[in-house]
Amino acid sequence: MKKNIYILFIGILLISFNSEAQNFALGVRGGISIPNLTAGGGTDNPLNTGYSSRSGQDAGIFAEFKFSKLFSLQAMAEYSGQGGKKDGFQAFTPPAILSPMFPPGQVPQYLYANYNSEAKLNYLMIPVLAKFGWDFGKSPWRIYVDAGPFIGFLLSAKQVTSGESQLYTDPSGQQALPLGQQSFANTQDIKNQLHSTNFGIEGNVGLNYRFGPNNIFIEGGGNYGFLNIQKGSQNGKNNTGAATADLGYRFWFGRHAIEKEKPTE
């Protein structure tokens, strides 16, 4: 499957660079990513449910190829913050050091505590977006929408926990272990637990202002990965995605760099 995805993206990029090469723009964008993790793959357990959104970064460089006044194709290299967080009472897998506290064969599948946990995942995403835009008459303003597939490569993945809490054997927090308050301050590299690639869809809505070949724009959108990110099922299965808000700049080259207006009669 991964091989087919690579072939698809390479084909799209080659078509883009060989078509209308004299009518293209280069640009950058940057802003915020508001990602979350959602339970997927039909495997719901206390470890992969209950996530809320965290804040991250979104930044990209792109090339846009214009085929007509209405349609263009944009290929981008995008740094995308992904992941999610849980704050409060939640489940975790008992560490092996606690096994002697329980009778043989009776170690609970989960323990519970009141602490904070954040999955910080960072991807390099390569989206290829079909873009449709409309000018506001003869004004320099233009509105557009775009959408298309992306392939993502995992750059880093860390699980950051904090806080102190009693440990409990039940989800209602009534049966405490006789250990007192335990610290959850820890940062763990979990990259080897996750798949190195993902595949999904991205889309945006934007407002562009043109002055000569220069363009500034603001856009909002989001992305969603179709593949479960975990390699194993012991922590459940999650899909990752994010809402984004960005500011950006693009510079047009070629005959579409400055679109002259027709004189009014």
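Scroll up to find the structure.
Let me begin by describing the structure that accompanies this report.

Reading guide: rules and limits
- Residues numbered from 1 in each chain as written.
- Predicted model: local features only at pLDDT ≥ 70, side-chain atom pairs only at ≥ 80, totals over all residues.
- Heavy atoms only, no water.
- Phe/Tyr/Trp six-rings, centres within 6.5 Å; stacked < 30°, edge-to-face > 60°.
- Helix = DSSP H or I, 4+ residues; strand = E, 2+ residues; numbered from the N terminus.
- Buried < 20%, exposed > 50% of the residue type's maximum accessible area, 1.4 Å probe, protein only.
- Salt bridge = Lys/Arg side-chain N within 4 Å of Asp/Glu carboxyl O.
- Core = buried A, V, L, I, M, F, W, Y, C linked by side-chain atoms within 4.5 Å.
- Contact = heavy atoms within 4.5 Å.
- Pairing = 2+ DSSP bridges.

Moving on to the packing of aromatic side chains. Summed over all chains, the structure comprises 15 aromatic pairs. Ring geometry for phenylalanine 24 versus phenylalanine 253: centroids 5.0 Å apart, planes at 20°, classification stacked. Within this pair, whereas phenylalanine 24 is found in strand β1 (residues 24-39), its partner phenylalanine 253 is found in strand β11 (residues 238-253), the two being separated by 229 residues in sequence. Residue phenylalanine 253 is classed as partly exposed on the basis of its relative accessible area of 32%. Centre to centre, the rings of phenylalanine 92 and tyrosine 115 are 6.1 Å apart; their planes meet at 85°, and the pair counts as edge-to-face. Here the residue phenylalanine 92 occupies a position in strand β3 (residues 71-92), and tyrosine 115 occupies one in strand β4 (residues 111-135), the gap between them amounting to 23 residues. Site record: aromatic cluster; members linked through ring pairs are Phe24, Phe65, Phe251 and Phe253.

Let us now look at the pattern of salt bridges. A full pass over the atoms with the stated rule returns eleven salt bridges. The shortest N-O distance in the salt bridge between glutamate 202 and arginine 29 comes to 3.5 Å. With glutamate 202 in strand β9 (residues 197-211) and arginine 29 in strand β1, the pair connects residues that are 173 residues apart, well separated along the chain. With respect to burial, glutamate 202 and arginine 29 carry one shared label: buried. Where aspartate 189 meets lysine 158, a salt bridge forms, and the shortest distance between an N and an O atom there is 3.9 Å. Here aspartate 189, found in strand β8 (residues 186-189), pairs with lysine 158, found in strand β5 (residues 141-162); they are 31 residues apart in sequence, far enough to count as distant. Lysine 158 gets classed as partly exposed once you look at its relative accessible area, which sits at 36%. Members of the salt-bridge network, linked through shared partners, are Arg29, Asp58, Glu78, Glu202, Glu219 and Asp246.

Turning our eyes to something else, we now look at the nonpolar core. The tendency in soluble globular proteins is for nonpolar side chains to be buried as a group. Counting twelve residues, the largest nonpolar core consists of Leu37, Tyr51, Ala119, Leu121, Tyr123, Met125, Phe150, Leu154, Ala157, Ile190, Leu194 and Ile229. Those elements that place two or more of their residues in this core are β4 and β5. Residues contacting leucine 37, with those up to four places away along its chain left out, are Tyr51, Gly83, Gly84, Ala119, Leu121, Ile229, Asn238, Asn239 and Thr240. Core analysis: the second largest hydrophobic core is formed by nine residues, Leu98, Leu111, Tyr115 and Phe184 among them.

Okay, the pairing of β9 next. With 13 bridges joining them, β5 and β9 adopt antiparallel strand pairing. Directly across from phenylalanine 150, in β9, lies its bridge partner glycine 200. Pairing analysis gives twelve bridges linking β9 to strand β10 (residues 214-225), with the strands arranged antiparallel. Each residue of the ladder has a partner; that of glycine 203, found in β10, is glycine 222. In sequence, β9 turns back onto β10 through a hairpin of two residues, with glycine 212 there showing a positive phi of about 65°.

All right, on to the environment of alanine 157 then. With respect to the helices and strands, alanine 157 occurs in strand β5. Setting aside residues up to four positions removed in sequence, alanine 157 forms contacts with Lys120, Leu121, Gln188, Asp189, Ile190, Lys191 and Leu194.

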